[in-house]
Amino acid sequence: MRRIHALSETVTQILSEKLGLQSVSTPTSLPSAICQGVEALSRLFTRERAGLASSYLEEASLRRAYLSYYLPVNVAKVQALLDEIRPELFDVDPSRPLNVLDLGSGPGTAALGLRDWVCRTPAMSTRSVHCVVVDRSPQALREGEWLWNAYTRLVSLRADRLVLSDGDLERVAPSTLVRASGGGSYDVIIAANVLSELFLSSRDPIQQRAALVRDCLGILRENGSLILIEPALRDASRDLHRVRDWLLKEKICTVYSPCLHERPCPALVKDDDWCHEDRPWCAPVLVRAIDEQVGFVKDALKFSYLILRKDERTIIAREPSLYRVVSELREMKGEKRAWLCHEQGRSEVGRLDRLRSPANAALDQWHRGAIVRVEDIVRKDIKGRLAMVGRIPASAAVEVVRPV
């Protein structure tokens, strides 16, 4: 069964307190400045991305709009990916804190998401967290400090520590910034919606972004996880795929998730392909109210991502019969189809309705991001060439191994 992600009551409470919007229940009760700020940020994050080179979070109205709308969404994205990392892969030794680095943190979005996730995860709930947050906006860092302190005070976490680091990732390497802040090596490093905002005027932004990630890997513990999240936009996602290929070619890490292989990304073969997620979530009241007022629909978590590791651990043991579903399941006349990805590339696979059987019935539960096992895919030979669409016969076993 797919998990529906939602903000915790604790995060919702501190955001309401920070924004002074406890009474918002309808779109008409929203301050117009928040809706205008959300619309301005939306343009900046989509059609006007060249403007991301500026420190937009220095502007008070945009910070408030971000806290109202984009922070809840991004907290949920971070927590969805933390759910993908098996608890035993975290060093759960209670004698030391979990060391976390939030790069390009804005108002400490990933830090807050992880702190809340640790509290809500039974195997981790008593673990203290030490977090370094890095951003070029001093104002955003101060907002993050307020949110962190409010959260830890509310849940009585006295052993936690937050360190603020004001720095420009285009000018100073992450390792240099965190060492200046007294940091060492990290169990988790998160860069959420950061890479595609960096080196926009560079001749080779992919190499520079990959070099930044390589630097991060140098301060990641051997059994740690580096989480990269980008918007579900074609250009930003394809750039992340290119960074992935650069890093894998250098053999300095492996992909824990989402990829089920280390070969070149198949989504880069065609210019109009890209790989992204679409996870279900239950939007908080404030986000739903803003949506209704400005005409947006934030009914799912859409993003691209990579989780990288240095110990070669993967989300699932790799097998030739395992695939990642990289599209929605499309219901067509007389059949259902989806695009699958694994070590042999991306391919469209379908099952004719008349060939549905108990063995392959699990295809009906396919969804974007799911890991599935398919025993047999048949491609007809048509005049010496294999058919573009693979077919699942009635006898083939199909299983959803890991839903998202």
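Below you will find a few notes about this structure. Given the structure is predicted, the values throughout are model-derived calculations rather than measurements. (Residues numbered from 1 in each chain as written. Predicted model: local features only at pLDDT ≥ 70, side-chain atom pairs only at ≥ 80, totals over all residues. Heavy atoms only, no water.)

The next thing to look at is the overall build of the protein. Of regular secondary structure, the protein possesses nine helices and 18 strands. Against the compact-globule benchmark of 22 Å for 404 residues, the protein has a radius of gyration of 22 Å, which places it among compact chains. Each principal axis of the C-alpha distribution contributes one length, and for the protein these read about 65 × 50 × 45 Å. Taken over 404 residues, the protein has a buried fraction of 55%. Nonlocal contacts in the protein, meaning residues at least 24 apart in sequence, comprise 76% of its contacts between residues at least 6 apart. A total accessible area of about 17,900 Å² is found for the protein, and carbon and sulfur atoms account for 49% of it. Computed over 58 positive and 53 negative side-chain charges, the inter-centroid distance for the protein is 3 Å. (Helix = DSSP H or I, 4+ residues; strand = E, 2+ residues; numbered from the N terminus. Rg over C-alpha atoms; globule rule 2.2 N^0.38 Å. Buried < 20%, exposed > 50% of the residue type's maximum accessible area, 1.4 Å probe, protein only. Contact = heavy atoms within 4.5 Å. Areas by Shrake-Rupley, 256 points an atom, 1.4 Å probe, with all protein chains shown as cover. Lys, Arg positive; Asp, Glu negative; His and termini not counted. Charge placed at Lys NZ, Arg CZ, Asp CG, Glu CD.)

With that settled, the discussion passes to the environment of Leu306. Residue placement: Leu306 occurs in strand S9 (residues 300-309). Counting along the chain gives 76 residues from Leu306 to Glu230, while the straight-line C-alpha distance between them is 8.9 Å. Setting aside residues no more than four positions away along its own chain, Leu306 makes contact with Leu226, Ile227, Leu228, Leu240, Arg244, Val255, Ser257, Pro258 and Cys259.

Moving on, we get to helix H8 (residues 234-250). Counted at 1.5 Å a residue, the expected span for H8 with its 17 residues is 24 Å, and the 25 Å between its end C-alpha atoms agrees. Taken together, the buried positions of H8 are Ala236, Ser237, Arg238, Leu240, His241, Val243, Arg244, Asp245, Leu247 and Leu248. Those residues of H8 that are buried are in contact with helix H7 (205-218), strand S6 (220-231), strand S7 (254-257) and S9. The positive-phi residue at the C-terminal boundary of H8 is Lys251, with phi of around 60°. (Expected span 1.5 Å × (residues − 1).)

A separate point is the packing of aromatic side chains. The final tally for this structure, using the stated rule, is six aromatic pairs. Aromatic pair Tyr66 and Tyr70: ring centres 6.3 Å apart, planes at 25°, arrangement stacked. A residue pair is termed a helical-turn pair when its members lie 3 or 4 positions apart in one helix, as Tyr66 and Tyr70 do in helix H3 (residues 60-82) at four residues. Considered together, Tyr66 and Tyr70 belong to a single accessibility category, that of buried residues. When the ring of Tyr69 is compared with that of Tyr70, the centres are 5.0 Å apart and the planes differ by 80°; the resulting orientation is edge-to-face. With relative accessibility at 9%, the residue Tyr70 sits in the buried group. Three or more aromatic residues joined by ring pairs form one cluster here, namely Phe45, Tyr56, Tyr66, Tyr69, Tyr70 and Phe296. Taking the ring centre of Trp146 as reference, the NZ or CZ of Lys18 above it sits at 5.0 Å. (Phe/Tyr/Trp six-rings, centres within 6.5 Å; stacked < 30°, edge-to-face > 60°. Lys NZ or Arg CZ within 6 Å of the ring centre and 35° of its normal.)

The next point concerns unusual backbone geometry. The step from Ser257 to Pro258 runs through a cis peptide bond, and the omega angle for that step is 10°. Along the chain, Pro258 turns up in the loop between S7 and strand S8 (277-282). Within the chain, Lys251 stands out as a residue other than glycine whose phi angle is a positive 60°. Relative to the elements of secondary structure, Lys251 occurs in the loop between H8 and S7. On the accessibility criterion, Lys251 (72% relative accessible area) is exposed.

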